Amino acid sequence: MRRRDSLGALALLLQAPHTLAASSLSSIVAVRVWPAADYTRVTLESDRPLVARHFTVDSPDRLVVDVEGLDLNPSLRELIGKVRADDPYIAGVRVGQNTPTVVRIVLDLKQPVAPQVFTLAPVAAYKHRLVFDLYPKVQADPMVALVNEPRPAETPAQAAAAASAVNDALGELIQKIERQAEATPRSAARPAVPGTPASAPAVAARPPQTGASRPRDDKAGPAVDRLIIIALDPGHGGEDPGAVGPSGLKEKDVVLAIGLKLRERLQGNPNIRVLMTRDADFFVPLHERVNKARKVQADLFVSIHADAFITPQARGASVFALSDGAATSAAARWMANRENAADLVGGVNVGSTKDAQVLRALLDMSTTAQIKDSLKLGSEVLGQIGRVGKLHKARVEQAGFAVLKAPDIPSILVETAFISNPEEERKLADNDYREQLVDALASGIARYFAKNPPLARRRSA
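One structure accompanies this document, and this report is about it. (Residues numbered from 1 in each chain as written. Predicted model: local features only at pLDDT ≥ 70, side-chain atom pairs only at ≥ 80, totals over all residues. Heavy atoms only, no water.)

A tally of helices and strands in the protein yields 14 helices and 14 strands. Per-residue burial over the protein gives 49% buried out of 461 residues. Split by element, the accessible area of the protein, about 21100 Å² in all, is 56% carbon and sulfur. (Helix = DSSP H or I, 4+ residues; strand = E, 2+ residues; numbered from the N terminus. Buried < 20%, exposed > 50% of the residue type's maximum accessible area, 1.4 Å probe, protein only. Areas by Shrake-Rupley, 256 points an atom, 1.4 Å probe, with all protein chains shown as cover.)

Here it is as structure tokens:
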């Protein structure tokens, strides 16, 4: 009897190293791929922290990632089928068990990349994440891409408008929105721009507004006619779904659809170009949203959201501008804190960026004039949105939104509705209602420019 017990104990002892090794391995719970023109992100979500080493190989281009403490399970093999044929960076994926505790992932690339590989601690609904961000080695010039963006065929009238002054084009935009509103009947009336007759004089007849946020430097060279550039920022995206409605509607999907429609509406004017901080389902860090707008010298920055509150009763649209001090209300402060947490959910590589320092520096540079211009823009947009549906607050509120901290660009954040309210969620899912929101946003932007025409850019010396 004693001999049999001894043999059993010895067998357990011999199995122990294998059992311990298996129990110490991490398990993949989900894999995701987010392709976009800007960059492609690959995410491995696991129940424990992962440690990885990576290197690139040329001819052909490949990224090799060795992940320690991992067993090749079916969830990880799903990565192979997650890559889309139209991914700009990844041609294919190979996965294999390199050693008993190391999985090797090889990404076959379509072009040379500058990869960033980093980990994220658990947050919100996510466990531990290992992230590969594949950026192009050579970044395209965003201004060149914007100016050379393919345009629809122009009519003779549009060609003539393109050669006219910028302010004339803005006057045409206002009238165009009015004509569309009158010509397209809807179950609920679309917002028209009041007080602007069809024969309204060109906006150029109004004196230009000068302010510290648009300083005029006579030494910078002669003024030139130019495009008006508007930055539209659909919030969240990719790893960050934003708020989720009672039926499962995601904020990131709603605001992207509204942003794309608004871009189409605004670029119906030949003198306007629209920069989208994201035009697909991928995540953009807060500071990078600001940087994108600044790189193209945007005249306006409009961040589009559809947030949630702790109770489903909250309803109505809101417009926010940056505050240089305390928030104008507890709700505005709560909203800003919620939006500023997007980087934690979306996932930012803090090892390669100085997000906090960048945002703090931008805030320090923010001027009273920029905030004043933002309040003017916000007031025009809020007035037009109020013609579509209920407002949560009848005035523009202010708080420390990180995404509004562009020191030289009038910037607002629009909460189109509360997606946490079942009735408003249904409206946000309705294409007709989205069109009305687009009309309201376009009208507010046009009315702002009509009263505050941008100064001509100057040629560099």
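A separate point is unusual backbone geometry. Geometrically, the link from serine 59 to proline 60 is a cis peptide bond, its omega value of -5 degrees lying close to zero. Considering the arrangement of structural elements, one finds proline 60 in the loop between strand E3 (51-57) and strand E4 (62-68). A positive phi is found at serine 59, a non-glycine position, where the angle reads about 50 degrees. Position of serine 59 among the secondary structure elements: in the loop between E3 and E4. On the basis of relative accessible area, serine 59 is assigned to the exposed category, the value being 71%. The phi angle at glutamine 297 is positive, at roughly 55 degrees, despite the residue not being glycine. Mapped onto the elements, glutamine 297 comes out in the loop between helix H8 (286-295) and strand E11 (300-305).

Here we take up the pairing of E4. Across the seven residues that make up E4, a large majority, six, are buried. As defined by bridge partners, E3 adjoins E4 across seven bridges and the pair is classed as antiparallel. Following the sheet pairing, alanine 52 is matched in E4 by valine 67. Between E3 and E4, which pair antiparallel and follow one another directly, the connecting turn spans four residues, one of which, serine 59, has a positive phi of 50 degrees. Of the pairings in the sheet, the one linking E4 to strand E6 (residues 102-109) comprises seven bridges and is antiparallel in character. For valine 67, the partnering residue across the bridge sits in E6 and is valine 103. (Pairing = 2+ DSSP bridges.)

Between two packed helices, the angle of one axis relative to the other and the distance separating the axes together describe the packing. Packing of helix H12 (residues 368-385) against helix H14 (residues 431-451) leaves a shortest axis separation of 8 Å and a crossing angle of 140 degrees. Put simply, H12 runs oblique to H14. Here the hand of the crossing between H12 and H14 comes out right-handed. Contact residues: H12 offers Asp373, Lys376, Leu377, Glu380, Val381, Gln384 and Ile385, while H14 offers Ala440, Leu441, Ser443, Gly444, Ile445, Arg447, Tyr448 and Lys451. Across the contact of H12 with H14, the residue classes break down as seven nonpolar, three polar and five charged. (Axes fitted to C-alpha atoms, helices over the stretch in contact; angles between N-to-C directions. Parallel < 35°, antiparallel > 145°, perpendicular 65-115°, else oblique. Left-handed = near helix turned anticlockwise from the far one by under 90°. Contact = heavy atoms within 4.5 Å. Nonpolar A, V, L, I, M, F, W, Y, C, P; charged D, E, K, R; others polar.)

What follows deals with the pattern of salt bridges. If you walk through the whole model with that rule in mind, you get 21 salt bridges. Across the salt bridge formed by glutamate 288 and lysine 295, the nearest N and O atoms sit 3.9 Å from each other. Relative accessible area serves as the criterion here: at 23%, glutamate 288 is assigned to the partly exposed category. Lysine 451 is the salt-bridge partner of glutamate 380, the closest N and O atoms lying 2.7 Å from each other. In this pair, glutamate 380 is assigned in helix H12 and lysine 451 in helix H14, connecting sequence segments 71 residues apart. When its relative accessible area of 12% is taken as the criterion, glutamate 380 is described as buried. Residue lysine 451 is classed as partly exposed on the basis of its relative accessible area, which comes to 44%. Salt bridges here are not isolated pairs; linked through shared partners, they connect Arg32, Glu45, Arg129 and Glu239. (Salt bridge = Lys/Arg side-chain N within 4 Å of Asp/Glu carboxyl O.)

A separate point is the packing of aromatic side chains. Taken as a whole, this structure holds five aromatic pairs when the rule is applied. Plain terms: the ring middles of tyrosine 39 and tyrosine 135 are 4.8 Å apart, the flat faces sit at 15 degrees to each other, and that makes the pair stacked. Here tyrosine 135 lies in strand E8 (residues 128-136) and tyrosine 39 lies in the loop between strand E1 (28-34) and strand E2 (40-46), a separation of 96 residues in the sequence. Exposure remark for tyrosine 39: the relative accessible area of 5% places this residue in the buried category. Consider the rings of tyrosine 39 and phenylalanine 282, whose centres lie 6.1 Å apart with planes at 90 degrees: the pair is edge-to-face. Taken together, the residues span a long stretch of sequence, with tyrosine 39 in the loop between E1 and E2 and phenylalanine 282 in the loop between strand E10 (272-276) and H8 at a distance of 243 residues. Neither residue differs from the other here; tyrosine 39 and phenylalanine 282 are each classed as buried. (Phe/Tyr/Trp six-rings, centres within 6.5 Å; stacked < 30°, edge-to-face > 60°.)

Along the chain, the position of glutamate 425 falls in helix H13 (residues 422-428). Excluding its chain neighbours within four sequence positions, the residues that come into contact with glutamate 425 are Gly245, Pro246, Ser247, Gly248, Leu249, Phe418 and Ile419.

What follows concerns the sheet that holds E6. Across the sheet, four strands lie side by side as E3-E4-E6-E5; this open sheet has antiparallel pairing. Of all strands in the sheet, those bounded by a partner on one side alone are E3 and strand E5 (90-99). Taken pair by pair, the neighbouring strands of this sheet meet at an average axis angle of 15 degrees, ignoring direction.

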